[in-house]
Amino acid sequence: MELFDLTIHELHDRLKKKEVSAVEATRAMLARIEATDGRVNAFITVTPEEALAAAAEADQRIARGEMDILTGIPVALKDIFLTRGVRTTCASKILANFIPPYDATSWLRLKERGAVLVGKLNQDEFAMGSSSESSAFGPTRNPWNLECIPGGSSGGSAAAIAARQATATLGTDTGGSIRQPAAHCGCVGLKPTYGRVSRYGVIAYASSLDQVGPVTRDVRDAAIMLGAVAGHDPLDSTSVDRPVPDYTKSLTNDVKGLKIGLPSEYFIEGLDPDVQQAMDRAIETYRGLGAEFVDISLPHTDYAVACYYLIATAEASSNLARYDGVRFGHRVSDPTGLMDMYCRSRAEGFGSEVKRRIMLGTYALSSGYYDAYYLKAQKVRTLIMGDFLKAFETVDVILTPVTPTPAFRIGEKVGDPLQMYLSDIFTIPTNLAGTCGISVPAGLSRDGRPIGLQLVGRPFGEEEIIRAAHAFEQATTWHQQKAPL
Amino acid sequence: MKYQPVIGLEVHVQLATDTKIFCGCSTKFGASPNSQTCPVCLGLPGALPVLNKKVVEYAIKAGLATDCAIAPRSVFARKNYFYPDLPKGYQISQYELPICEHGHLDIEVDGVGKRIGITRIHMEEDAGKLVHADTPGTGDDSGVDLNRACTPLLEIVSEPDLRSADEAVAYLKKLHQIVVYLGITDGNMEEGSFRCDANVSVMPVGSDTFGTRAEIKNVNSFKFVKQAIEYEIERQIELIEEGGKVVQETRLFDPNNGETRSMRGKEEAHDYRYFPDPDLVPLVISDDWVEDTRLGLPELPAVKLARYQDELGLPLYDAEVLTATRELAEYYEACLAAGAPAKLAANWVMGEVTRGLNDAGLAITACPVAPGQLASLIALIDKGTISNKIAKTVFDEMWQNGGEPAEIVEKKGLVQVSDTGEIEKIIDEIMAANMGQVEEYRGGKEKVFGFFVGQVMRASKGKANPAVVNDLLVAKLKR
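Reading the values: rules and limits
- Residues numbered from 1 in each chain as written.
- Chains lettered and ligands numbered in written order.
- Predicted model: local features only at pLDDT ≥ 70, side-chain atom pairs only at ≥ 80, totals over all residues.
- Heavy atoms only, no water.
- Helix = DSSP H or I, 4+ residues; strand = E, 2+ residues; numbered from the N terminus.
- Rg over C-alpha atoms; globule rule 2.2 N^0.38 Å.
- Buried < 20%, exposed > 50% of the residue type's maximum accessible area, 1.4 Å probe, protein only.
- Contact = heavy atoms within 4.5 Å.
- Areas by Shrake-Rupley, 256 points an atom, 1.4 Å probe, with all protein chains shown as cover.
- Lys, Arg positive; Asp, Glu negative; His and termini not counted.
- Charge placed at Lys NZ, Arg CZ, Asp CG, Glu CD.
- Pairing = 2+ DSSP bridges.
- Axes fitted to C-alpha atoms, helices over the stretch in contact; angles between N-to-C directions.
- Left-handed = near helix turned anticlockwise from the far one by under 90°.
- Nonpolar A, V, L, I, M, F, W, Y, C, P; charged D, E, K, R; others polar.
- Salt bridge = Lys/Arg side-chain N within 4 Å of Asp/Glu carboxyl O.
- Domains from an automatic or database assignment.
- Buried area = accessible area lost by both parts, 1.4 Å probe.

## Overview of the overall build of chain A
- Of the regular secondary structure elements, chain A holds 15 helices and eleven strands.
- Here chain A has a C-alpha radius of gyration of 21 Å; the compact-globule value for 485 residues is 23 Å, and the two agree.
- When the backbone C-alpha atoms are referred to their principal axes, chain A occupies close to 65 × 55 × 45 Å.
- For chain A, with 485 residues in total, the buried portion stands at 64%.
- Contacts in chain A between residues at least 24 apart in sequence constitute 76% of all its contacts with a sequence separation of at least 6.
- Put simply, chain A shows about 16,500 Å² of open surface, and 52% of that area lies on carbon and sulfur atoms.
- The distance from the centre of the 50 positive side-chain charges to the centre of the 57 negative ones in chain A is 2 Å.

Dropping the structure here:
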């Protein structure tokens, strides 16, 4: 095992026993990034100097005996998290030179515990996409198969874990943007309940859906990371003030009597046979562990994608208005007037997918269309939430595939936005319902592309999905498989 | 044909909170550009608004003072438009569910009372300020100062119940008085703390269908409001008389020529694409919060006005003058609390005190004579220790150099002389020296009586009790 292969808890043990220093671990990680990222392109910015300084500081903390589980752990962040003094682009040309004056709360919480930032990760521009191909910094490639997409929008966050370029990463999930790339890259990805983690300092895409979460090598690491970033933030009115449990206490390896729901709407014809097979195997595994299965229905599932693309784009059209070239970000050099400055700065700064969503959202909110689109979508959203709440009256967690197919090839769906949008069909409803979900490795396709299993929990039911995901992980070996890189 | 104007007003009140509505930055006026900003009010990526509780409290106060219903649940919404002084590309306001609704305000014009409906009151953030290239020190570029961005505003919207410019001004003055009384704004109109948009239309008298309205933007003095509305009414009537049609548009008032001119028409009107702001949770206000706020309300001007007349027995004029501002009323009430009789205190506050303040250009809160001192002075008059005239001298001394009235009276020997023996002595001397005038008086020329009073008062250096002087003079001259 190389240092860059270790999980948080494994590296922590070695740091604690002083078998290795934080500086050594960071050097190993930086060398690994150097050696592999030319092929993967998981990083937009690598921060070796800052990382080594932070690692040296972590070593001093360790020497003083002030060690936290994250002290000295090399982490990387999706480039949507504001990092003070470190360029934050959101993978957009419009922010290509933006150096934030403040830190995102979630990053600050990791930093205060002594985590070491090795760099900022590639993604779809403004988190709009399912393949990380819309980045202004070139597409990220899937470490399992460099011809394939890593998923998105947090493609860099998952690819960096699969390529062993960071011990843990943070991503954001608006319609599946953590879980889908985690599934495609064979890692664990957790999308917490809306309000569980602060959004302060995270560049907004769709404010009522965006949520911060970890991508990690195993479920224990996901529990550790979630525990570190979760909790009320006075700077985010939508963050919920409720105690943060020790999520590692849920790693009991016991799912006897756990009631798992299987929604008929998710096991559809057209599901990739390898994915179907992985799900069947997973169900058998759980049965063997003593869990019980219940057939359930989430009847409004069919409307989720349409509903999502109205609400998310509406919010995005407003959230992205601030990129106007006035105070920060890209501005044309030779504006002839105010309107020209607005139009050309935005035309040059935003990529085509971002423009498409701004236009869709602007349209959905326009006078005369608001009731038919935005308001109707909000009503549908309430129905989808109701589906989940009703299901959770009879089951503890819901099991579904994360995606209908394993990772597709780069370029395959770029020309067909609707096909691209449908790749999030199983993850979007969780965001609309505001509840939590986790993706765990559950197999490989015949040609070696990872397949993910999704467990959806009750609102603030992270402990239950962590328990269920952990038991599955312990009973299987998928998480131990490494991308051939 | 006769025309009936119809007017509705939208008033923006800048709230006097220490910090902004959605961040902790100071709201102080006049700081150097962009020195009072943070990621939130600059609209930086990732920044999120957090509602200032004080703003809600002030909004509840305004709602209660205008008899509005306070919504147990209200929602902030985004008003989307692009402008360089608007950092986020949207203004956070309230739209479908405002905090206050269905209130009213009673006004009076030429002795006729009228109730004006208040449609709604909502909270919102202000925008920043543009500094254009022609301003000294800016060079060729226009600048943006975001110190004002995110300062809290209340928008108070009236029903179209006003029928003349005078009614509109009466409504505005009343509203201004109330919000200043509540202590929720400094009410400074020049600095824009209280500004108004007027919706004006005209219809034939007797009609019940409103005409097409024009909105006049951002008028910031009572005088200008009157001018703007009167001009606009006349303009619309002339237009209709000439066979034209009023178009729905936004107009600007030009104080230099007293006219309004078109700013943008209906076709250029923005589609603001309002929708609930997902960054802010719905605002829930408990009954307890409303009731606690109600208990903390100051006595409002209308109630005070009635009480001054009914309980203190003051005439309407006095009551109106003394309740005009909360500060003046507080000064007056402090005099009463220190024991001064109501009418005497009213005369002094409206007389000497107001005159002194006007001459010195001071606000009542900076009055050099404290209410307790004024009450002591009034007590000296009331007891007959000094005359009203001497009291004015003492008051001047207090105003100039400070000091307690009793001490000044003592030190300067200004105690009133009521001793008949002493006064008789003076009268005798004066009569002896002016026998000619004594004869004139006794011959029926009673006018010279004033001459004797003046002489006696002068001889006593003003200290003789005028009433005693009168009585004795009459007795001695008639003899």
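So much for the structure itself; the text now carries on.
## A closer look at the overall build of chain B
- The helix and strand tally for chain B stands at 16 helices and 16 strands.
- Computed over C-alpha atoms, the radius of gyration of chain B comes to 30 Å, more than 25% over the 23 Å expected from 2.2 N^0.38 for 479 residues, which places it beyond the range of a compact globule.
- Its C-alpha atoms put chain B at 95 × 55 × 55 Å along the principal axes.
- Here chain B holds 479 residues, and the buried ones make up 50% of them.
- Expressed as a percentage of contacts within chain B between residues at least 6 apart in sequence, the contacts between residues at least 24 apart total 68%.
- Here chain B carries 51 positive and 71 negative side-chain charges, and the mean point of each set is 4 Å from the other.

## Concerning the sheet that holds strand 5 (residues 90–94) of chain B
Residue and element names in this part refer to chain B.
- Read from one edge to the other, the open sheet built from three strands follows the order 5-4-15, with strand pairing classed as antiparallel. Two strands in the sheet have a free side with no partner beyond their single neighbour: strand 5 and strand 15 (275–276).
- Note that strand 4 (residues 76–80) and strand 15 share two bridges and pair antiparallel. Directly across from Arg 78, in strand 15, lies its bridge partner Phe 275.

## As for the packing of helix 6 (residues 301–310) of chain B against helix 8 (residues 326–337) of chain B
All names here are of chain B.
- Where helix 6 contacts helix 8, the axes come no closer than 12 Å and their chain directions differ by 35°. Here helix 6 runs over helix 8; the crossing is left-handed. Facing Lys 304, Arg 307 and Tyr 308 of helix 6, the residues of helix 8 in contact are Ala 329, Tyr 332 and Glu 333.
- Residues of the contact of helix 6 with helix 8, tallied by class, amount to three nonpolar, no polar and three charged.

## Some details on the pattern of salt bridges
- Counted according to the given criterion, the structure contains 46 salt bridges over all chains.
- The salt bridge partner of Arg179(A) is Asp173(A), with a shortest N-O separation of 2.8 Å. The pair formed by Arg179(A) and Asp173(A) is uniform in burial state, with each residue classed as buried.
- Here the residues in one salt-bridge network are Arg199(A), Asp236(A), Arg78(B), Asp277(B) and Asp279(B), joined through shared partners.

## A few points about the domain arrangement of chain A
Residue and element names in this part refer to chain A.
- Here the domain parsing of chain A yields domain 1 (3–251 + 474–480) and domain 2 (302–378).
- The interface of domain 1 with domain 2 comprises 19 residues on the first partner and 20 residues on the second.
- Taken together, both faces of the contact between domain 1 and domain 2 bury some 1,600 Å²; the carbon and sulfur share is 62%.
- Among the residues domain 1 hides against domain 2, the three largest losses belong to Ile 94, Met 128 and Tyr 205. Together they make up 41% of the total.

## Points about the sheet that holds strand 1 (residues 43–46) of chain A
Residue and element names in this part refer to chain A.
- Spatial ordering of the open sheet is given by 1-3-2-4-6-5-10-11-9-7-8, a layout of eleven strands whose pairing is mixed. The open sheet terminates on both sides in strands that have one partner only, identified here as strand 1 and strand 8 (292–296). Across the sheet, the mean angle separating the axes of adjacent strands is 30° when strand polarity is ignored.
- Both strand 9 (residues 397–401) and strand 11 (residues 450–456) contribute to a ladder of four bridges, which runs antiparallel. Looking at the pairing, Leu 399 lines up with Leu 455 of strand 11.
- The sheet strands contacting helix 3 (residues 48–63) are strand 1 and strand 3 (116–121), and the helix crosses strand 3 at an angle near 155°.
- Across the sheet, helix 4 (residues 105–112) touches strand 2 (74–78), strand 3, strand 4 (168–173) and strand 6 (211–216), and the angle it forms with strand 2 is around 175°.

## With respect to the environment of Thr27(B)
All names here are of chain B.
- Along the chain, Thr 27 falls in the loop between strand 1 (3–14) and helix 1 (39–42).
- Judged by its relative accessible area of 15%, Thr 27 is buried.
- The spacing of Thr 27 and His 12 is 15 residues in sequence and 16 Å in space, taken between C-alpha atoms.
- Those residues in contact with Thr 27, other than ones at most four positions away along the chain, are Thr 17, Asp 18, Thr 19, Lys 20, Gln 36, Thr 151 and Pro 152.

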